[in-house]
Amino acid sequence: DVKVTQSSRYLVKRTGEKVFLECVQDMDHENMFWYRQDPGLGLRLIYFSYDVKMKEKGDIPEGYSVSREKKERFSLILESASTNQTSMYLCASSPPRFEQYFGPGTRLTVT
Amino acid sequence: KQEVTQIPAALSVPEGENLVLNCSFTDSAIYNLQWFRQDPGKGLTSLLLIQSSQREQTSGRLNASLDKSSGRSTLYIAASQPGDSATYLCAVMGSGSKLTFGKGITLSVRP
């Protein structure tokens with residue numbers, strides 16, 4: 001079974017802090033994704049990586065950056081957290097153009 | 001720009017009913033379509049993937065169909081059970097490996 005894990009289920013941070021969200025997959029998938037999910041807005045793609053050190057902006061990349069130094073790990077970085085980044089963050093992985101598998105999500109609250 | 005619509009946003013049915021969840025998309029140039037299930041506060045679980053060349057896929061009590069030319073997909077759930085209560089999302093993949101999601105249908109199956 002494919003397994004995608006995220007470093008935290010719940011996280012509370014203060015405004016202005018630098019926040020790291022980690023995602024690890026165990027299926028040697030080329031593609032990894034970071035989404036955020038908000039009520040009424042659905043899932044929106046933040047960043048996408050199709051290979052180690054390769055990344056592509058999604059629909060809402062402002063205020064975020066990513067890092068993929070190893071194939072199995074994809075990190076989302078909030079350089080200076082703001083209250084409007086309070087959200088559920090979901091990581092996914094997939095082979096190219098195939099089924100996406102999601103992690104359990106991290107609920108981030110920025111106060 | 002691809003848009004995915006799921007109507008209605010919520011549905012309540014008595015246990016045992018067969019039901020159909022609808023999904024429509026505006027751009028028929030898709031690579032595949034995926035149906036997901038999401039329980040409250042959790043990540044997404046992949047239910048079915050239909051490639052653009054396929055018309056339907058089945059898994060247990062679930063059957064998903066795809067009519068690419070009309071921009072429609074349906075998820076059929078046979079003999080619904082209270083454990084089927086969740087939010088169901090459809091997502092389409094265009095060029096590249098990125099998914100565009102609908103906002104989901106929240107299903108409640110009453111005992």
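Residues numbered from 1 in each chain as written. Chains lettered and ligands numbered in written order. Predicted model: local features only at pLDDT ≥ 70, side-chain atom pairs only at ≥ 80, totals over all residues. Heavy atoms only, no water.

Opposite the 22 residues of chain A that make contact, chain B presents 21 residues. Together chain A and chain B conceal approximately 1800 Å² of surface at their shared face, both sides included; 55% is due to carbon and sulfur atoms. Summed over the shared surface of chain A and chain B, the result is one salt bridge. Taking the shortest distance from any N to any O, the salt bridge between Glu56 of chain A and Lys98 of chain B comes out at 2.9 Å. At the junction of chain A with chain B, the criterion picks out 11 residue pairs in polar contact (both at pLDDT 80 or more). If you list the elements that add at least two residues to the side of chain A that touches chain B, you get strand E4 (31-38), strand E5 (42-51), strand E6 (54-57) and strand E9 (87-94) of chain A. Ranked by residues supplied to the side of chain A that touches chain B, first place goes to E4 of chain A with four residues. (Contact = heavy atoms within 4.5 Å. Buried area = accessible area lost by both parts, 1.4 Å probe. Salt bridge = Lys/Arg side-chain N within 4 Å of Asp/Glu carboxyl O. Polar contact = N/O pair within 3.5 Å; in protein donor to acceptor, adjacent residues only side chain to side chain. Helix = DSSP H or I, 4+ residues; strand = E, 2+ residues; numbered from the N terminus.)

On to the sheet that holds strand E1 (residues 4-6) of chain A. Residues and elements named next belong to chain A. Pairing is antiparallel in the open sheet, where four strands are placed in the order E1-E3-E8-E7. The sheet terminates laterally at E1 and strand E7 (64-70), the two strands that pair on one side only. Neighbour to neighbour, the strand axes of the sheet diverge by 20° on average, direction disregarded. (Pairing = 2+ DSSP bridges. Axes fitted to C-alpha atoms, helices over the stretch in contact; angles between N-to-C directions.)

All names here are of chain B. This structure, assessed with the given rule, holds two disulfides over all chains. A disulfide bridge connects Cys23 with Cys90, and the sulfur atoms are separated by 1.9 Å. On the sign convention where negative means left-handed, the S-S torsion of about 65° between Cys23 and Cys90 marks this disulfide as right-handed. In this pair, Cys23 sits in strand E3 (residues 19-25) while Cys90 sits in strand E9 (residues 86-93), placing the two residues 67 residues apart along the sequence. Assigned by exposure class, Cys23 and Cys90 land together as buried. (Disulfide = S-S within 2.5 Å. Buried < 20%, exposed > 50% of the residue type's maximum accessible area, 1.4 Å probe, protein only.)

Moving on, we come to the pattern of salt bridges. Residues and elements named next belong to chain A. Here the structure, examined in full by the defined rule, presents nine salt bridges over all chains. For Glu22, the salt bridge goes to Arg73, with nearest N and O atoms at 3.8 Å. Taken together, the residues span a long stretch of sequence, with Glu22 in strand E3 (residues 19-25) and Arg73 in strand E8 (residues 73-78) at a distance of 51 residues. Assessed through its relative accessible area of 22%, Glu22 is described here as partly exposed. The class for Arg73 is partly exposed, based on a relative accessible area of 38%.

A word on the nonpolar core. Counting 23 residues, the largest nonpolar core has Leu21, Leu33, Trp35, Leu75 and Ile77 of chain B as the members making the most contacts within it. Excluding its chain neighbours within four sequence positions, the residues that come into contact with Ile77 of chain B are Glu17, Asn18, Leu19, Leu21, Arg61, Leu62, Asp84, Tyr88 and Leu107 of chain B. Formed by 20 residues, the second largest nonpolar core is a distinct cluster that contains Val19, Ile46, Tyr64 and Cys91 of chain A. (Core = buried A, V, L, I, M, F, W, Y, C linked by side-chain atoms within 4.5 Å.)

The subject of this paragraph is the pairing of strand E11 (residues 105-110) of chain B. Residue and element names in this part refer to chain B. Burial of the side chains of E11 is restricted to one face: Ile105, Leu107 and Val109 are buried, whereas none of Thr106, Ser108 and Arg110 on the reverse face is. Note: strand E2 (residues 10-14) against E11, five bridges, orientation parallel. Its bridge partner lying in E11, Leu11 is registered against Leu107. Relative to E11, E9 is paired through three bridges, and the arrangement is antiparallel. Note that in E11 the partner of Tyr88 across the bridge is Ile105.

The volume enclosed by the largest pocket comes to roughly 660 Å³. Contributing to the lining of the largest pocket are 23 residues, with Asp59 of chain A together with Lys1, Gln2, Thr100 and Phe101 of chain B lying nearest its centre. Listing elements by their share of the lining of the largest pocket, those giving two or more residues are E5 of chain A together with E9 and strand E10 (99-101) of chain B. Its boundaries defined by the atoms lining it, the second largest pocket holds a volume of some 380 Å³. Surrounding the second largest pocket, 21 residues form its lining, Gln37, Asp38 and Pro39 of chain A together with Gln38 and Thr87 of chain B being those nearest its centre. Elements represented by at least two residues in the lining of the second largest pocket include exactly E4 and E9 of chain A together with E9 of chain B. The residue inventory of the lining of the second largest pocket, partitioned by class, reads six nonpolar, 10 polar and five charged. (1 Å grid on protein atoms, 1.4 Å probe; cavity = no way out; pocket = protein on both sides within 12 Å on 5 of 7 lines; lining within 4 Å. Points joined across faces, edges and corners; volume = space filled by probe spheres on them. Nonpolar A, V, L, I, M, F, W, Y, C, P; charged D, E, K, R; others polar.)

This brings us to the environment of Glu72 of chain A. All names here are of chain A. Its location among the elements puts Glu72 in the loop between E7 and E8. The class for Glu72 is partly exposed, based on a relative accessible area of 33%. It is 18 Å that separates the C-alpha atoms of Glu72 and Tyr89, two residues lying 17 residues apart in sequence. Apart from the residues within four sequence positions on either side, Glu72 is in contact with Cys23, Val24, Gln25 and Met32.

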